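The primary structure of each chain is shown beneath.
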Amino acid sequence: MYNLDFMAFASHVKDWILWQPTSFGFWEAQNVQEVFSRGFSVNFVARSGFFSRIKTSTDPSKTEWKFNLQYSFTRSQSIPNGSGIFSGEGSQLIYVPQHVLNGGLAVQFKRVDVSCNPSLTGSRYITTDLSQQLDPYFLLDFSAGIKIGEGRHRFKFSVNLENALNAEYQAVAARPMAGRSLMFRLNWLELSKAYKKN
């Protein structure tokens, strides 16, 4: 089973409010006058049935697969109006990447699930005169979990490995993001009283 979705958009906005960082460490609002934003996204999702031809040593009826891949393109730029108020007229708005690519692969067998989630974010301008920009970055995350317990009261223990490749990147200029990190989580699940064991 698989789905392929395509979406396109376009919008013309007057008095667009753009928030941007200042040299004092805080963000301030700026009126961009007019902005024309347009783009598209493509999303592909494949589930268990799509992988039915893959041979595994486990019972396929108890194994669930999910693969997804999404790409989006966004072009948001100010519209020149001759006022000279906004120095970046006609350029891509700051902190808006034109290209973003996300993916994921998840497998669940009985009580165990594992997943892998890569993402790629394109470069972004951080000044309205386009003189500076942040480099594109690629992130790779992994997770694994297991459900424990019977009846209404259950637990789920999971481990998440974020930024597995230890990429150096900034979501906001001059603010480096965390490197590789490992997180452990224990969730308590209480099912409804109407729950009946199959």
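Residues numbered from 1 in each chain as written. Predicted model: local features only at pLDDT ≥ 70, side-chain atom pairs only at ≥ 80, totals over all residues. Heavy atoms only, no water.

**Student:** Help me out: how do you make sense of the overall build of the protein chain in this one?
**Tutor:** Along its length, the protein chain carries zero helices and 14 strands. When the helices and strands of the protein chain are listed from N to C terminus, the series reads β-β-β-β-β-β-β-β-β-β-β-β-β-β. Out of the 198 residues belonging to the protein chain, those deemed buried represent 24%. The contacts of the protein chain with a sequence gap of at least 6 include a subset with a gap of at least 24, amounting to 56%. Counting every atom, the protein chain has about 13100 Å² of accessible surface; 58% of that belongs to carbon and sulfur. (Helix = DSSP H or I, 4+ residues; strand = E, 2+ residues; numbered from the N terminus. Buried < 20%, exposed > 50% of the residue type's maximum accessible area, 1.4 Å probe, protein only. Contact = heavy atoms within 4.5 Å. Areas by Shrake-Rupley, 256 points an atom, 1.4 Å probe, with all protein chains shown as cover.)

**Student:** What exactly am I supposed to notice about the pattern of salt bridges here?
**Tutor:** Close approach of charged atoms lets side chains of opposite charge pair. Inspection of every chain in the model, using the stated rule, returns two salt bridges. The salt bridge partner of E150 is R111, with a shortest N-O separation of 2.6 Å. Placement of E150 in the loop between strand 10 (137–148) and strand 11 (153–162) and of R111 in the loop between strand 6 (99–109) and strand 7 (112–121) is noted, with a sequence separation of 39 residues between them. The partner of D113 in a salt bridge is K156, and the shortest N-O contact between them spans 3.3 Å. (Salt bridge = Lys/Arg side-chain N within 4 Å of Asp/Glu carboxyl O.)

**Student:** What should I look at first to understand the sheet that holds strand 4 (residues 34–47) in this one?
**Tutor:** Across a sheet, paired strands are connected by hydrogen bonds in the backbone, their directions being either parallel or antiparallel. If you trace the eight strands from one edge of the open sheet to the other, you get 1-4-5-6-7-10-11-14, paired in antiparallel fashion. The two strands at the open ends of the sheet, each matched to only one other strand, are strand 1 (2–14) and strand 14 (181–190). Each neighbouring strand pair of the sheet contributes to a mean axis angle of 15°, computed without reference to strand direction. Taken together, the eleven bridges between strand 5 (residues 63–78) and strand 6 define a ladder with antiparallel strand orientation. The partner of Q70 across the bridge, within strand 6, is N102. (Pairing = 2+ DSSP bridges. Axes fitted to C-alpha atoms, helices over the stretch in contact; angles between N-to-C directions.)

**Student:** Sorry, what's going on with the environment of V13 here?
**Tutor:** Mapped onto the elements, V13 comes out in strand 1. Judged by relative accessible area, V13 falls into the partly exposed class, the value being 28%. Ignoring sequence-local partners within four residues, the contact set of V13 consists of Q33, E34 and V35.

**Student:** Please clarify how the packing of aromatic side chains should be interpreted in this entry.
**Tutor:** Ring pairs (aromatic) are described by centroid distance and by the angle formed between their planes. Per the counting criterion, the structure on display carries seven aromatic pairs. Consider the rings of F157 and F184, whose centres lie 6.4 Å apart with planes at 20°: the pair is stacked. One end of the pair, F157, is in strand 11; the other, F184, is in strand 14, and 27 residues separate them in sequence. Since its relative accessible area comes to 36%, F157 is described here as partly exposed. Through a chain of ring-to-ring contacts, three or more aromatic side chains come together here, namely F6, F40, Y71 and F73. (Phe/Tyr/Trp six-rings, centres within 6.5 Å; stacked < 30°, edge-to-face > 60°.)

**Student:** Whenever I open this one, the confidence of the model for the protein chain confuses me. Can you help?
**Tutor:** For any part of a model where pLDDT is low, the fine detail of the predicted coordinates should not be relied upon. The predicted model of the protein chain averages 84 in pLDDT, with 83% of residues at 70 or higher. When the criterion is pLDDT under 50, residues 82–88 qualifies, and its contacts beyond four places in sequence or with other chains add up to 13 contacts. (pLDDT = per-residue confidence, 0-100.)

**Student:** When you look at the nonpolar core in this model, what are you seeing that I'm missing?
**Tutor:** As a rule of thumb, nonpolar side chains are buried together in soluble globular proteins. If you look at the biggest cluster of nonpolar residues, it comprises six residues: L18, I94, Y95, I126, L134 and V172. Among all residues touching L134, those that are not within four sequence positions of it are Y95, S123, R124, I126, Q170, A171, V172 and A173. (Core = buried A, V, L, I, M, F, W, Y, C linked by side-chain atoms within 4.5 Å.)

**Student:** I tried to follow the side chain of S76 on my own but got confused; where do I start?
**Tutor:** Mapped onto the elements, S76 comes out in strand 5. Judged by relative accessible area, S76 falls into the buried class, the value being 4%. Excluding its chain neighbours within four sequence positions, the residues that come into contact with S76 are F36, S37, S91, Q92, L93 and V96.

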